[in-house]
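# Descriptive analysis of the structure
Take a look at the letters that make up each chain.
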Amino acid sequence: MIKHIVCFKLKDNSDEICRKTADILLSMKGKVPQIIDIEVGVDFLHSSRSYDIILQVTLDSRDKLDEYQNDPYHCDVVKTYMHSVMESSVAIDYNI
């Protein structure tokens, strides 16, 4: 199994934008078939070293991760939105 984690720093980290962003990320549940489990968290400290949103996705395999990365809903809806609101991101993918 694979854990895919992405932390996003948003251009605007207001409560409204953070909630909308979390909702967009969570909307992949049931729409992106490769996802076994999904969790989204919103930072509440807003320190200088904080990222604003974390996405954690569990997938069956590396092949499923590749499929996830190219899924039409993930690419057309989620990535398009995220690229419009994020300042930067960091990611890690590892075996669990």
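Here is a short report on the structure shown in this document. In this text, all values refer to a predicted model and were calculated from it rather than measured experimentally.

## Quick notes on the nonpolar core
Counting residues in hydrophobic clusters, the biggest one holds 25 residues, and the most contacted among them are Phe 8, Leu 10, Leu 25, Met 28, Leu 55, Tyr 68 and Met 82. Those elements that provide at least two residues to this core are β1 (2–10), α1 (15–26), β2 (37–42), β3 (53–59), α2 (62–70) and α3 (72–85). In this view, Tyr 68 contacts His 4, Met 28, Val 32, Gln 34, Ile 35, Leu 55, Val 57, Leu 59 and His 74; residues no more than four positions away in its chain are not counted.

## Notes on the pattern of salt bridges
Under the criterion given, the structure shown has 2 salt bridges. Between Arg 62 and Asp 66 there is a salt bridge, with the nearest N and O atoms lying 4.0 Å from each other. Of the two residues, Arg 62 and Asp 66 both sit in helix α2, 4 residues apart, roughly one turn of that helix. Owing to a relative accessible area of 58%, Arg 62 belongs among the exposed residues under this scheme. Where Lys 64 meets Glu 67, a salt bridge forms, and the shortest distance between an N and an O atom there is 3.6 Å. Here Lys 64 and its partner Glu 67 are both found in helix α2, 3 residues apart, which amounts to about one turn of the helix.

## Concerning the environment of Cys 18
Tracing the backbone shows Cys 18 in helix α1. The class of Cys 18 is buried, set by a relative accessible area of 2%. Cys 18 sits 52 residues away from Asn 70 along the chain, and the two C-alpha atoms are 25 Å apart. With residues up to four places along the chain from it excluded, the contact list for Cys 18 reads Leu 10, Asn 13, Val 42, Asp 52 and Ile 53.

## Some words on α1
Taking 1.5 Å of rise per residue, the 12 residues of α1 would be expected to cover 16 Å, and the 16 Å separating its terminal C-alpha atoms lies within 8% of that figure. Restricting attention to buried positions, one finds in α1 the residues Ile 17, Cys 18, Thr 21, Ala 22, Ile 24 and Leu 25. The arc that holds the buried residues of α1, viewed along the axis, is 160°, so those residues lie on one side. Away from the buried face of α1 by more than 90 degrees, exposed residues Asp 15, Glu 16, Arg 19 and Asp 23 are located. Of the surrounding secondary structure, the elements contacted by the buried residues of α1 are β1, β2, β3 and α3.

## Considerations on the sheet that holds strand β4 (residues 86–95)
The strand order β2-β3-β1-β4 describes an open sheet built from 4 strands, whose pairing is antiparallel. This sheet does not close on itself; its edge strands, each paired only once, are β2 and β4. Looking at each pair of strands side by side, their axes are set apart by 15° on average, direction ignored. In this sheet, β4 lies alongside β1 in antiparallel orientation, the contact comprising 9 bridges. From the neighbouring strand, Val 6 faces β4, where its bridge partner is Ala 91. With respect to the sheet, α3 is in contact with β1 and β4, its orientation differing from that of β4 by roughly 130°.

Parameters and conventions
- Residues numbered from 1 in each chain as written.
- Predicted model: local features only at pLDDT ≥ 70, side-chain atom pairs only at ≥ 80, totals over all residues.
- Heavy atoms only, no water.
- Core = buried A, V, L, I, M, F, W, Y, C linked by side-chain atoms within 4.5 Å.
- Buried < 20%, exposed > 50% of the residue type's maximum accessible area, 1.4 Å probe, protein only.
- Helix = DSSP H or I, 4+ residues; strand = E, 2+ residues; numbered from the N terminus.
- Contact = heavy atoms within 4.5 Å.
- Salt bridge = Lys/Arg side-chain N within 4 Å of Asp/Glu carboxyl O.
- Expected span 1.5 Å × (residues − 1).
- Arc of directions from axis to C-beta.
- Pairing = 2+ DSSP bridges.
- Axes fitted to C-alpha atoms, helices over the stretch in contact; angles between N-to-C directions.

Read these as geometric descriptors, not functional statements.
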